[in-house]
Amino acid sequence: MRLFDVKGQRLATTTLVRAIKSNHISHAYLFHGQYGVGKETVAKAFSNHLFCEDASACGKCRGCLRFSHGNHSDYHCMKTDTTIKIGRIRELHEACYLKHEGYAVWLIKNIEKMTLPAANSFLKVLEEPPEDTVFLLLTENIGQVLPTIVSRCQQLQFPRLSQELVESLLREHLQVEEDESLSKKIQLVAKLANGSIGRALELWEGPVLDRRSWVIQQLMRIPNMSTSEVLGLSLGWSEERADLESDLTLMLQWYRDLWCIKSRTQVQPYNLDYQNDLAVICEKYSVESLRRVTEQIQNVFPYVQRNVRPRFLLGHLLLQMRKGALT
Amino acid sequence: MAYVSLYRKWRPQTFMDVVGQTHVIRTLENSLNNQRVSHAYLFAGPRGTGKTTVARLFAKGLNCSDGPSASFCGECNECISISQGNSLNVIEIDGASNRGIEEIRELREQVRYAPADGRYKIYIIDEVHMLTPEAFNALLKTLEEPPAHVVFVIATTDPQKIPATILSRCQRYDFKRFSIEQICERLRKVLTPEGIQAEGSALEIVAEHAQGGMRDALGILDQCLAYSDRINPDTVSEVLGVATHETINQFVQLLDKKDTTSLFQVIQELYVAGKDLPQFVRDLLQHLRRCMLDASNLSKAGISWDKGRLLEVIQAFTHCEREMRYSTDVNIPMELTILHLIDIPSELESLQTQIADLQAQLTSLETSGITYNSSNGSTPEKSTADNEKRPQVSLTKGDNQEKLKQISENWGEFLQTLRNERLVQPEAFLREGFPLKLSNNVLIIGFPKERGFHRASIEQEKHKEPAERLMAKFFGSQLSIECVTAEADQYKETSDLGSSQKESAKRSGSNSEDTSKKPAKEEVKASKSPAEEKQVDLDESVSAALRIFGGKIIEIKDN
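Every residue gets a number counted from 1 within its own chain, in the order that chain's sequence is written. All chains are assigned letters beginning at A, and all ligands numbers beginning at 1, according to the order in which they are written. The predicted nature of this model means local features are confined to residues of pLDDT at least 70 and side-chain atom pairs, given and counted, to a pLDDT of 80 or more, with totals for whole chains, interfaces and linings taken over all residues.

Draft legend 1. Examining the pairing of strand S8 (residues 480-485) of chain B more closely. All names here are of chain B. Three classes are used. A residue is buried when 20 or more other C-beta atoms lie within 10 Å of its own, exposed when 12 or fewer do, and partly exposed in between, with C-beta atoms placed from the backbone. Only DSSP runs of H or I covering at least 4 residues are called helices, and only runs of E covering at least 2 are called strands; the numbering of each starts at the N terminus. For S8, the tally of buried residues reaches five of six residues, placing the bulk of the element in the interior. The sheet contact formed by strand S7 (residues 442-447) and S8 spans six bridges and is parallel. Within S8, the residue paired with Gly 446 across the bridge is Val 484. A pair of strands counts as paired when DSSP detects no fewer than two bridges linking them.

Shown next as structure tokens:
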């Protein structure tokens, strides 16, 4: 794949193409941006250019073929487990001083997962690597990367894709006959994916959409529930952290939509398919209670990441939602 | 020859080249020129302020063939090999990778040997804060009294992590962040030989975003050059993903106008243009901070916020920035913050409106004069005042029946007093019961059958004692509490004794005998509560719940 063929991410691709053309290739790049917006795609395309004999990613020369077959000896992709430990970086130290022909590329994903010792021991080699070595570091959260690492790299920001682009990429990927319900679904998925094609594909294939309609069902029922029913609901809720985070996002989107309707802001809601329900439920909440509920949901996020027991968080949160609806 | 990043290419090669840090440079120069070289130096400071660079320069100054001097030649073998990083006498150790005690032991072995050629062996240990405590301690002796030919330079961004015993053995130099002017000056110096024109305002944006780090500044510049030949504010803001000043101004104005729809549109536009929303919030905060310092910024834009509102907006967006870190979708915190700022009246505002209301009422009163409203104004006030002064109910005269009647009448008030005295627990238990009978200063309190828990609790000394104490204060006579199980209708009977004496005399008479013997343990025969009489066939689980928790079935709904 060539950099020209990458859709979206104009800033990153033009910068990299110019760098290749003018031979101003930096020794370290840091790609940062949300999940599923094309960081890895661009990184791979860029590597392809570097390995190609005339830097055009022709797809025919030896370098391109070796790369596309996945057995280029100078292409190192560091696999990330839950963390990147100092041992991996020591291996990198040894490997990167081995002789290589042309460029050697090190692709490290989720650089924020490096432990502190690992990140520190990476600093020196990152600043002054051996000749013709390029580090491509990827992260979804630049705030969690050691600042001394960040300052040694050229940073390329990967913004979220536009909704239209996600839709068209999704169509391209699916290649199905479209009818009205399908195009509605595509639109909804693109909206919910929030500029991430990776997330859109997950939404399309995975059980996430079913999960979403279940969560929204519950959200609609909560105002009419009794306290014990609400608590029962919170007991039955999934305790998986990943599930919970996406559920909380759904809740936040739901209440954001409610508030937007309440304040008569003309904006596209996240929950395109529930517009009528939103208008009805909106009547049950005051602005103040919407504020309180949204604030509460936002407060819960860090607790989920810190492993507080989900059912306590949820019990409290759902009760707030019910209480808010009565006043 | 591969391309080398600007920040590596333009690493200062002489002390003259170094921008700023004069306090460090001057001291080092003097010590070199006067041959007063210490054996251990600590360079501390934030990223990109020149620690490693100065360490290398210092090494050159020490080992240059022209003698230890600050004005080293840069041309002799030693200077060149240091520049290229392959000198045998300058050992640059990555403290973060070689952090264990083993590596330090190895270093101690090496230290003893004399330099290959040249005067000194210079050990530069970078990122030294990552050494393990054992490694630090193993280093102590060597660091204090190294051989005469050894100089240590240890560099770190994090001097707090270094043990005090190491700190006290070194001369410490703190490197400062660069000012915006210093960075701009350096950037210009770099750009001129590269043959690139740059606008001053663009360089200022770069310098601002570098946050005092020269490496950051040169890195951003490198990035801009990679993106476009021209360096102007537009390309810089595009590369950095920041919004222009106009957008920020427009945003603030819309916020002032409370135009939610347009504000959401601005966010949408930023999103489509690929701007980084957290970065936008940070820039917005910077702008608001400037407005805070110089109020004319706001009035120029036609915004009529006072300091209070401005502070409120700043606080809201500071909060928003924090929320964005945890959020998977950064739009939502932003949108919610906007809605919050616009929809929810601030505390100050609501207070102001309240004051205005009160003032309006006051003026209307002043003009019309005060009219005295006797029918509902005075009486309740008086009674509450009475209660506060003399809440006790005197139980000095009358027989037991009359006293009981008085107690029953004032029971609610007594409970309230308990509550006011913070005796919440006894109050909660007593609330479920009712005064049933009084004999010889023993107040018998009845509890319904299903309130066994409350009865048992109030019988405990720790709850009973305070309740009795307050009772003595409230009713003016020493009463002790005894509990029995009874039903509420019995309470009615006893309190309505005068009217339905016939019926109840028999029952209460027999009861009084029993209760005076063993009042606490005796079960007063209770009539069935209406719900139980209705008697639907209960679920096993429901009846179990009733047995355990007490309670009544009031209504049964079918789902």
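Draft legend 2. Looking closely at the packing of helix H5 (residues 101-111) of chain B against helix H6 (residues 133-144) of chain B. Residue and element names in this part refer to chain B. Axis lines are fitted to C-alpha atoms, over the contacting stretch for helices. Their N-to-C directions set the angle, which ranges from 0 to 180 degrees. Contact geometry of H5 with H6 gives a least axis separation of 8 Å together with a crossing angle of 15 degrees. Of the possible angle classes, the one that applies to H5 and H6 is roughly parallel. Crossing of H5 against H6: the hand is right-handed. Residues Ile 101, Glu 103, Ile 104, Arg 105, Arg 108 and Val 111 of H5 pack against Glu 134, Ala 135, Ala 138, Leu 139 and Thr 142 of H6. Only Asp, Glu, Lys and Arg are considered charged, only Ala, Val, Leu, Ile, Met, Phe, Trp, Tyr, Cys and Pro nonpolar, and every remaining residue, Gly among them, polar. Its residues placed into classes, the contact of H5 with H6 shows six nonpolar, one polar and four charged. Angle categories: roughly parallel below 35 degrees, roughly antiparallel above 145, roughly perpendicular from 65 to 115, and oblique for all the rest. Handedness of a helix crossing follows the sense of rotation of the near helix relative to the far helix, less than a right angle counterclockwise being left-handed and clockwise being right-handed. We call two residues in contact when their backbone-placed C-beta atoms lie within 7 Å.

Draft legend 3. Spatial organisation of the interface of chain A and chain B. Taken together, the contacts link 48 residues of chain A with 47 residues of chain B. Elements supplying a minimum of two residues to the side of chain A that touches chain B: helix H1 (10-21), helix H4 (86-96), helix H5 (116-127), helix H6 (147-150), strand S5 (154-158), helix H12 (241-262) and helix H14 (287-305) of chain A. Per-element accounting of the side of chain A that touches chain B gives the leading share, eight residues, to H14 of chain A. Considered class by class, the residues forming the side of chain A that touches chain B number 13 nonpolar, 24 polar and 11 charged.

Draft legend 4. Quick look at the environment of Ile 125 of chain B. All names here are of chain B. Among the secondary structure elements, Ile 125 is positioned in strand S3 (residues 121-126). Sequence separation of Ile 125 and Ala 55 is 70 residues, and the distance between their C-alpha atoms is 9.6 Å. Excluding residues within four positions of it along the chain, Ile 125 makes contact with Ile 93, Gly 95, Phe 152 and Ile 154.

Draft legend 5. Representation of unusual backbone geometry. All names here are of chain A. Despite not being glycine, Gln 9 has its phi angle at roughly 55 degrees, a positive value. Here Gln 9 shows up in the segment before H1. For Gln 9, a count of 25 C-beta atoms within 10 Å puts it in the buried group. Of note in this structure, Asn 110 is not a glycine but carries a positive phi near 50 degrees.

Draft legend 6. View of the pairing of strand S4 (residues 133-139) of chain A. In terms of burial, S4 of chain A is a largely internal element, seven of the seven residues being buried. By convention a crossover is right-handed if, when the strands point away from the viewer, the path from the first strand over the helix to the second runs clockwise. Following the chain from strand S3 (residues 104-108) of chain A across H5 of chain A to the adjacent parallel S4 of chain A, one finds a crossover that is right-handed.

Draft legend 7. Structural view of the sheet that holds S3 of chain A. Residues and elements named next belong to chain A. In spatial order, the strands read S2-S3-S4-S1-S5; together these five strands make up an open sheet with parallel pairing. Edge positions in the sheet fall to strand S2 (75-78) and S5, since each has one partner strand and no second. Taken over all neighbouring pairs, the strand axes of this sheet differ in orientation by 15 degrees on average, direction set aside. Sheet analysis places strand S1 (residues 28-33) next to S4, joined by five bridges and oriented parallel. The partner of Leu 30 across the bridge, within S4, is Leu 137.

Draft legend 8. Here's a closer look at the environment of Arg 309 of chain B. Residue and element names in this part refer to chain B. Within the fold, Arg 309 resides in helix H16 (residues 307-326). You can call Arg 309 partly exposed: it has 18 C-beta atoms within 10 Å. Sequence separation between Arg 309 and Ser 346 is 37 residues; the distance between their C-alpha atoms is 8.2 Å.

Draft legend 9. Highlighting the sheet that holds S8 of chain B. All names here are of chain B. Taken together, three strands build an open sheet; the order of strands is S6-S7-S8 and the sheet is mixed. Every interior strand has two partners, whereas the edge strands, strand S6 (434-439) and S8, have only one. Ignoring strand direction, the axes of neighbouring strands in this sheet form an average angle of 30 degrees. Docked against the sheet, helix H20 (residues 400-409) engages S6 and S7, running at close to 155 degrees with respect to S6.

Draft legend 10. Summary view of helix H9 (residues 197-205) of chain A. Residue and element names in this part refer to chain A. Those residues of H9 not exposed but buried are Ile 197, Arg 199, Ala 200 and Leu 203. Along the axis of H9, the buried residues cluster in a sector spanning 155 degrees; they form a single face. On its buried face, H9 is in contact with helix H7 (163-174), helix H8 (180-193) and helix H10 (208-221). This arc corresponds to the set of directions leading from the helix axis out to the C-beta atoms.

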